[in-house]
There are 4 protein chains.
Amino acid sequence: MSAINQKQDLSPRRKKLYEVIFESDTPAGRWFDIILIIIILLSVITIMLDSIRSVRSQYGSLLFYAEWVFTVLFTIEYISRLVSVKRPLVYAKSFFGIVDLLAILPTYVSLFIPGGQYLIVIRMLRILRIFRVLKLVKYVGESKVILQALKASRRKITVFIFTVLTLVTILGSLMYLIEGEENGFTSIPRSIYWAVVTLTTVGYGDLTPQTVLGQMLAVVIMLLGYAIIAVPTGIVTVEMSNAVKQRIGIRKCSNCSSDNHDEDAVYCKYCGRIL
Amino acid sequence: MSAINQKQDLSPRRKKLYEVIFESDTPAGRWFDIILIIIILLSVITIMLDSIRSVRSQYGSLLFYAEWVFTVLFTIEYISRLVSVKRPLVYAKSFFGIVDLLAILPTYVSLFIPGGQYLIVIRMLRILRIFRVLKLVKYVGESKVILQALKASRRKITVFIFTVLTLVTILGSLMYLIEGEENGFTSIPRSIYWAVVTLTTVGYGDLTPQTVLGQMLAVVIMLLGYAIIAVPTGIVTVEMSNAVKQRIGIRKCSNCSSDNHDEDAVYCKYCGRIL
Amino acid sequence: MSAINQKQDLSPRRKKLYEVIFESDTPAGRWFDIILIIIILLSVITIMLDSIRSVRSQYGSLLFYAEWVFTVLFTIEYISRLVSVKRPLVYAKSFFGIVDLLAILPTYVSLFIPGGQYLIVIRMLRILRIFRVLKLVKYVGESKVILQALKASRRKITVFIFTVLTLVTILGSLMYLIEGEENGFTSIPRSIYWAVVTLTTVGYGDLTPQTVLGQMLAVVIMLLGYAIIAVPTGIVTVEMSNAVKQRIGIRKCSNCSSDNHDEDAVYCKYCGRIL
Amino acid sequence: MSAINQKQDLSPRRKKLYEVIFESDTPAGRWFDIILIIIILLSVITIMLDSIRSVRSQYGSLLFYAEWVFTVLFTIEYISRLVSVKRPLVYAKSFFGIVDLLAILPTYVSLFIPGGQYLIVIRMLRILRIFRVLKLVKYVGESKVILQALKASRRKITVFIFTVLTLVTILGSLMYLIEGEENGFTSIPRSIYWAVVTLTTVGYGDLTPQTVLGQMLAVVIMLLGYAIIAVPTGIVTVEMSNAVKQRIGIRKCSNCSSDNHDEDAVYCKYCGRIL
C-alpha cells in the first residue's frame, strides 16, 4: 500500500480523485466507500436472485440490465483507480487490484461464454473493503492475530493435510476392496471421497458401508477422525496463544531498539538494560 | 440490578412485595421463586404437548385452558414486578424485564394470529432465573468466566464468521456452476446452504455432489472445514485461559518483578520475599 | 479401596481368597484376573452374537447355555468377593461392587422379562479392571489427569449444556413454526431433536428444512454450532493444562508440608523457605 | 538411518550407487529422487484410473502394462537399495524398507489373488520420501513437534479411546433394546456402529432413531459426543504446547532462578543478569 500511497507528486485533480477513491478520511472519500459497498452488496444479491429459476423467469431482463449497470459502474471505478494512482501497475498487481478486476471480468466473459456471469460472486471479496471504511482498526488488529497464528502454523497444517490425504487414499482404497462396486463404492476416487466425508465427520450418508467388515473399518475411520481433529486445533491454539502474547508485548528497548519483549519483562533480554 | 434494588424509599407494602418477588433471602421470596420455576416448566411442557397432533386432538381444550391460566398468572406477576419496583422503566428495559414481557405476549398475540402461541417457548429463557434461586454463586462465577472469554473473543469471532460467510458464498456459487440444477443445486442461495452444511461438517446429505468435479470441490471444502474449526477453538481457548488467569488475579513481586504467582501464594516463589 | 484392603484381621483361608480375587501381585491372583477378563470379553461377545438374527437362529441354544455358564461363574465370583472382604457392604457399595452386581442381574431378570439379557452389556464396564491387572500405573495416572480436568470443568460444562438445551428448545420451536408439519417437523419435541442433530453437527438428514426461511435458520444454527463447540473445548483444554501442571508440580515443602508448588518454584510460596 | 549410512566401507561402485539412491546431495541423487516421486504418483494414478469401470473397459490393457512396468521399476529399485547398503537387513527392517517392499508385493500377489493389485495404493506411503528430497528440513522439524505431542499424549488418548469404546458398546446395546429390529437396529454390533456414527458427529443418517425414547437417547449421545470431543483436543493442545516449549528449550537464570526465557534472550528479563 505504501507504494500506492505516494500522492505528493500527483496533479491536484488526480490527488483529489485519489483521496476520494482510496482514502476515507474526507467526507467525500467516506461517502464514496459507503456507496461502493452498498453497490457491491446489491450486485451480489442481483446475481443470487438471477440464479433462482422462478425469479429469473419473471424479472430476468430487469436483473440482466441491473447487472450491466453495476458492471459499468465498477469498470469506471476500476479505470479511475488506475488513473488516480501514480504507479497503476503496483495497484493492478495488489490483492485488491486483482479482486477489482476479477469483479468486472465475468460479466464481459458472459458475452462469450454463457453461465460465466455467475463467477461474479467473486465480488463478495470486494466487501472486505468494509473493514477499512468503518475504520475498524481494532478488527484489523484482531484479523492480524488470526492471520499471524495461521501463518505460524502453516507448515504444521501442511504436514497435517498431507498426512490426512495419504490416509484417506489408503483407507478409501481398502474400502473399495472391502465393499466393492455392488455397494456403491464404484471406484477408488469415489471411495476416497467417502473416506474424506467420513474422516472429517461430515457424513452425508449418500454412500454408507453395507458389509460388516466395511462398517468395522468405518468405525475405525470415524474414531480416527474424531481424535485427529485435535491436531489442527492444538496447532492453531498454541500459535494463537503465541500471537496474542506477542501482540500484547510490543515493548521497545530504548537502548538496543529490540521490540519483542514479554509483557512481564523488566530488563531487555538482549542488552540487559532496564525497559 | 442496582438501580432496581433501591427499595429503601418504597412504602412498606411495596417493600414487602419487592422482597417476595425479586429476592430469595426470605422464606416467602424463596417459595415464590421455586413455585415460579415449576410453573414456567409446566407452561413450556404444555406448549410442547400441544404441538403433538395426537395429544392435541385428545387433550386440546385442556391444554388451551392451562395455557391461559399460566399466561394470566405470568401477567399478574409481570404487573406486580412493575408495581413493586421504584423505577418500573428500568426493570422493563432490563434483560429479564424484556424476557418476562415476551413470555406473556405470544398467548395474547395468538388471539389474532393463529400459531403465534408457540413463540411462547421464549419462556424457557425465564428459567435462567433458576441460577439466582438456587444461590449457585459458584455457577454464576463460572458463567462469568465463559462470558468474559466470549466477550474478549467477540471481535475475532466476528472476523471469523465474516470470512466463513464470504467463503461459503464463493464456494456455493462455484458449486452451482459445477453441479447445476439437474443435480439439485437449483440456485445460488441453495448452493450456499449446501456449502454451509458441508463446511460446518453437519452433512445432512439432502444435497450431495454428483459430478466428479463437484466431489473434488466438496473434498476441498470438507478438509477446509475440518481445519478451520481450529480457528474459533483456538480463539476461545486462549481467551478462556486469560479469563481464568484474570479471575485468579495477577500478583507481582515487588522484589524480583515476577508476576505469575498463584492466588494463594504468600511468598514469591522465585526470590522468597513476602508478596 | 483402603477400607476393603484391611486384610490383616481375616482368617488365613479368607486372606488367601482375598489375595487371589482382589490382588494381582501373586501368580494366583494374576492368573485369576487374566482369566476373569477373558471370560468377561467372551461373555460380551456371546451377547453380541446372540443379537444377530442369523447367528441366533443357528447357534441360539448354544449361546443361551454359554450365557448361563458365564452368569453362574460371575455369581460365584461375586459371592466370593463378598465373603473374602471384611466389610462386604463397603465392597457392595463401591463402584466395582455395583458393576459386578449389575453384570449378573440381567440374566436372572431375563427369566421374567424377555429381552432383559441384552442389558448384560453393562459387563463391558467390568473390563475397566484390566487397568489394574496390567499394572498400568502410568495409565491410571493419565486417567487421573483427564478425570481431574473433567471434574474441574464440570460446573462450566453444566452451564454450557444448560445454555445449549435452552437454545435448542427455542430454536426447535421456531423451526416448528417455520417449517410446520407438512415438512416433517411434526411437533416441537421432534423439532428440538432436529435442532440438537444440527447444532452438534451430527446432521443425519432424516429431517431437513425445505423452506427458504427454514434453510436460513438452519444456516444460523450450523454456524452457531460450529462456533460454540469452541466453548467446551476451551474449558477442558484450560483445565487439562492446569491438571497437567499440578501433576508435574508435586513438590513438598519440608518446612510447612504444603505440596502444590509449581515446577519452577525455588521458594515455598506459603512460608518462604527454600524448597 | 545412521546404521545404513555407513558407506565408507563400501566398494566405489556400491558407494556411487548408494549416493544416487539414498542421498540427494549430488545432482544424480537429486534427479533420481525427483524421477522416483513422479513414477510413484503416476503409479498411484494408474491404479485409481484402473478402478473406474468406464476407464478400465477402454484402456484396461494399457493400464495393466503400465502397472507392470512400474512394478518392475520399483523391484529393480528395491534390489538396488538392498545391494548398495552395507547391511541390507537393517534397511529391509526400517520403515521405508517395509514400505518399499509392500509397494511392489501387491502386483505379484494379484497374479494369484484377483483384486489384490488395489492394495498397491500403499505406494502412497512412499511419497513421504518427498520431504527428504525437497530438503524440507523445517517441515521435518514441524512434523517432529506434532509427533512428539502425539507420542506424549498416546496414553491419555488410549484411555480416551477405550472409554469411548466402552461407552458406545453400552449405548449401542441400550439403543438395540429401545428401537429393536423393526427400526433397522437389527443387532447389537449394528447398533454400536450407529452409536459411533452418532457420538463422533458423523451422522450418516442410514440408521436413525424412530421412537421418541430412541430420539431422546440419541439427543443425549449427541450432546455427549459434542462435549467429549473436547477431551482429545485438550490433551493434544496441552502436549503440543509442551512440545513447542521443549523445542525452544528451557533456559534458567542462575541468579533469580526464573526459567521462562525466550530462545533468543541473552539477559534475564527479570533481574538483568547475563544468562
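Here's a quick rundown of the structure. (Residues numbered from 1 in each chain as written. Chains lettered and ligands numbered in written order. Predicted model: local features only at pLDDT ≥ 70, side-chain atom pairs only at ≥ 80, totals over all residues. Heavy atoms only, no water.)

What follows deals with the overall build of chain A. Scanning chain A for helices and strands turns up 11 helices and 0 strands. Each helix and strand of chain A, ordered N terminal to C terminal, gives the series α-α-α-α-α-α-α-α-α-α-α. By the burial criterion, 51% of the 275 residues in chain A qualify as buried. Restricting the contact set of chain A to residue pairs at least 6 apart, pairs at least 24 apart contribute 55%. Only carbon and sulfur atoms are counted for the fraction: they give 67% of the accessible area of chain A, which is about 12900 Å². (Helix = DSSP H or I, 4+ residues; strand = E, 2+ residues; numbered from the N terminus. Buried < 20%, exposed > 50% of the residue type's maximum accessible area, 1.4 Å probe, protein only. Contact = heavy atoms within 4.5 Å. Areas by Shrake-Rupley, 256 points an atom, 1.4 Å probe, with all protein chains shown as cover.)

All names here are of chain A. Orientation of helix α8 (residues 154-179) relative to helix α10 (residues 212-228), taken along the N-to-C sense of each, is 170 degrees, at an axis distance of 10 Å. Classed by the angle they form, the pair α8 and α10 counts as roughly antiparallel. Taking contact as the criterion, the partners of Phe160, Val164, Leu167, Leu171, Leu174, Met175, Ile178 and Glu179 in α8 are, on α10, Leu213, Gly214, Gln215, Leu217, Ile221, Leu224 and Ile228. Looking at side-chain class alone, the contact of α8 with α10 contains 12 nonpolar, 2 polar and 1 charged residues. (Axes fitted to C-alpha atoms, helices over the stretch in contact; angles between N-to-C directions. Parallel < 35°, antiparallel > 145°, perpendicular 65-115°, else oblique. Nonpolar A, V, L, I, M, F, W, Y, C, P; charged D, E, K, R; others polar.)

Here the focus is the nonpolar core. Core analysis: the biggest nonpolar cluster contains 172 residues, and Trp194(A), Trp194(B), Trp194(C) and Trp194(D) have the highest contact counts within it. Excluding its chain neighbours within four sequence positions, the residues that come into contact with Trp194(D) are Tyr204(C), Met175(D), Phe185(D), Leu207(D), Thr208(D), Pro209(D), Ala218(D) and Ile221(D). (Core = buried A, V, L, I, M, F, W, Y, C linked by side-chain atoms within 4.5 Å.)

All names here are of chain B. Structurally, leucine 101 can be placed in helix α5 (residues 95-102). A residue is classified by how much of its surface remains accessible, and leucine 101, at 32% relative accessible area, is partly exposed. Put simply, leucine 101 and phenylalanine 74 are 27 residues apart on the chain and 8.9 Å apart in space, counted from C-alpha to C-alpha.

Here the focus is the packing of helix α1 (residues 12-22) of chain C against helix α2 (residues 27-51) of chain C. All names here are of chain C. One way to put it is that α1 packs onto α2 with a least axis distance of 6 Å and a crossing angle of 45 degrees. Put simply, α1 runs oblique to α2. Judged by residue contacts, Glu19, Val20 and Ile21 of α1 engage Ala28, Gly29, Phe32 and Asp33 from α2. Looking at the contact of α1 with α2, its residues break down into 4 nonpolar, 1 polar and 2 charged.

The subject of this paragraph is the packing of aromatic side chains. Per the stated rule, a full pass over the model turns up 20 aromatic pairs over all chains. Ring plane angle 75 degrees and centroid distance 5.4 Å describe the contact between Phe185(A) and Trp194(A), whose orientation is recorded as edge-to-face. A residue is classified by how much of its surface remains accessible, and Phe185(A), at 0% relative accessible area, is buried. Relative to Tyr91(B), the ring of Tyr78(B) lies with its centre 6.0 Å away and its plane at 45 degrees, an arrangement referred to as tilted. Of this pair, Tyr78(B) sits in helix α3 (residues 53-84) while Tyr91(B) sits in helix α4 (residues 88-93), and the two are 13 residues apart along the sequence. One exposure class covers both Tyr78(B) and Tyr91(B), and it is buried. (Phe/Tyr/Trp six-rings, centres within 6.5 Å; stacked < 30°, edge-to-face > 60°.)

Time to look at helix α9 (residues 188-199) of chain A. Spanning 12 residues, α9(A) covers 16 Å between terminal C-alpha atoms, matching the ideal 16 Å at 1.5 Å per step. Counted residue by residue, α9(A) has 10 buried out of 12 residues, so it is predominantly covered. Every buried residue belonging to α9(A) is among Ile188(A), Ser191(A), Ile192(A), Tyr193(A), Trp194(A), Ala195(A), Val196(A), Val197(A), Thr198(A) and Leu199(A), and all of these are buried. Buried residues in α9(A) make contact with α8 and α10 of chain A, α11 (212-228) of chain B together with α2 (27-51) of chain D. Positive phi shows up at Thr201(A), right after α9(A), with a value of about 60 degrees. (Expected span 1.5 Å × (residues − 1).)

Two side chains with opposite charge may pair up if their charged atoms get near one another. Across all of its chains, the model carries 20 salt bridges over all chains by this definition. The shortest N-O distance in the salt bridge between Arg81(B) and Asp100(B) comes to 3.8 Å. Residue Arg81(B) is located in helix α3, and its partner Asp100(B) is located in helix α5; the two are separated by 19 residues in the primary sequence. In this structure, Arg56(C) and Glu181(D) form a salt bridge, with 3.5 Å as the shortest nitrogen-oxygen distance. One end of the pair, Arg56(C), is in helix α3 (residues 53-84); the other, Glu181(D), is in the loop between α9 (154-179) and α10 (188-199), on a second chain. (Salt bridge = Lys/Arg side-chain N within 4 Å of Asp/Glu carboxyl O.)

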